[in-house]
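Remarks on the overall topology
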Amino acid sequence: MNVATVRQEQYIEFRIGEENYAIRIEHIHEIIRLQTITPLPHSKPYVKGVINLRGHVVPVISLRRLFGMADDTDTKSTRIVVIKHREQSVGVRVDLVNKVTLYPDVQPPPERVGDLSGAFFTGIGVREGELVGLLNLDEVLLRD
């Protein structure tokens, strides 16, 4: 066994529309079924609202809205991925959670990914010819 083996990070991979994205598993607090989201007046357009998660109020954001995609209808596969980031919990609404996975090859993100700034990504995961955007939580969750 090679002592210099690089430790690969595990990711939770999910879908938004037809696109795959992933977040490092160490940032995932839990994945829950969609529940009633209470809208917040005067919030950013990508903030769906808040949920009550066992007595804690957790804001929920829509990556669809943040990335400029059209809203979609909720299905039985829709989930809220609750992320712990910088001592705060934030829910991210996703269309489908795919799997826990590794990416044997991670490339740096380009300056632009379609219509999105490359700053939204820490890298692009490559596996079996498939490309997956690895989300930069500082950019996604801490936007002004």
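Scroll up to find the structure.
What comes next concerns the included structure.

It is worth spelling out the sheet that holds strand S7 (residues 88-94) at this point. The mixed open sheet is built from five strands, whose spatial order is S3-S6-S7-S5-S4. At either end of the open sheet lies a strand with only one pairing partner, and these are strand S3 (28-33) and strand S4 (47-53). Across the sheet, the axes of successive neighbouring strands diverge by a mean angle of 30 degrees, strand direction being ignored. Pairing of S4 with strand S5 (residues 56-62), which is carried by six bridges, proceeds in the antiparallel orientation. The residue of S5 that forms the bridge with Val50 is Pro59.

Strands sit in the order S8-S1-S2-S13-S12-S9 across an open sheet of six strands; the sheet is mixed. Two strands lie at the open edges of the sheet, namely strand S8 (96-102) and strand S9 (105-107), each paired on one side alone. Taking the axes of each pair of neighbouring strands and ignoring which way they run, one obtains an average angle of 35 degrees across the sheet.

This structure, assessed with the given rule, holds six aromatic pairs. Measuring from ring centre to ring centre gives 6.2 Å for Tyr21 and Phe121, while their planes differ by 10 degrees; the resulting arrangement is stacked. Taken as a pair, Tyr21 in strand S2 (residues 19-24) and Phe121 in strand S12 (residues 121-127) lie far apart in primary sequence, 100 residues in all. Phe121 shares its class with Tyr21; the two are buried. Taken together, the ring pairs in this structure connect Phe14, Tyr21, Phe67, Phe120 and Phe121 into an aromatic cluster.

Analysis parameters
Residues numbered from 1 in each chain as written. Predicted model: local features only at pLDDT ≥ 70, side-chain atom pairs only at ≥ 80, totals over all residues. Heavy atoms only, no water. Pairing = 2+ DSSP bridges. Helix = DSSP H or I, 4+ residues; strand = E, 2+ residues; numbered from the N terminus. Axes fitted to C-alpha atoms, helices over the stretch in contact; angles between N-to-C directions. Phe/Tyr/Trp six-rings, centres within 6.5 Å; stacked < 30°, edge-to-face > 60°. Buried < 20%, exposed > 50% of the residue type's maximum accessible area, 1.4 Å probe, protein only.

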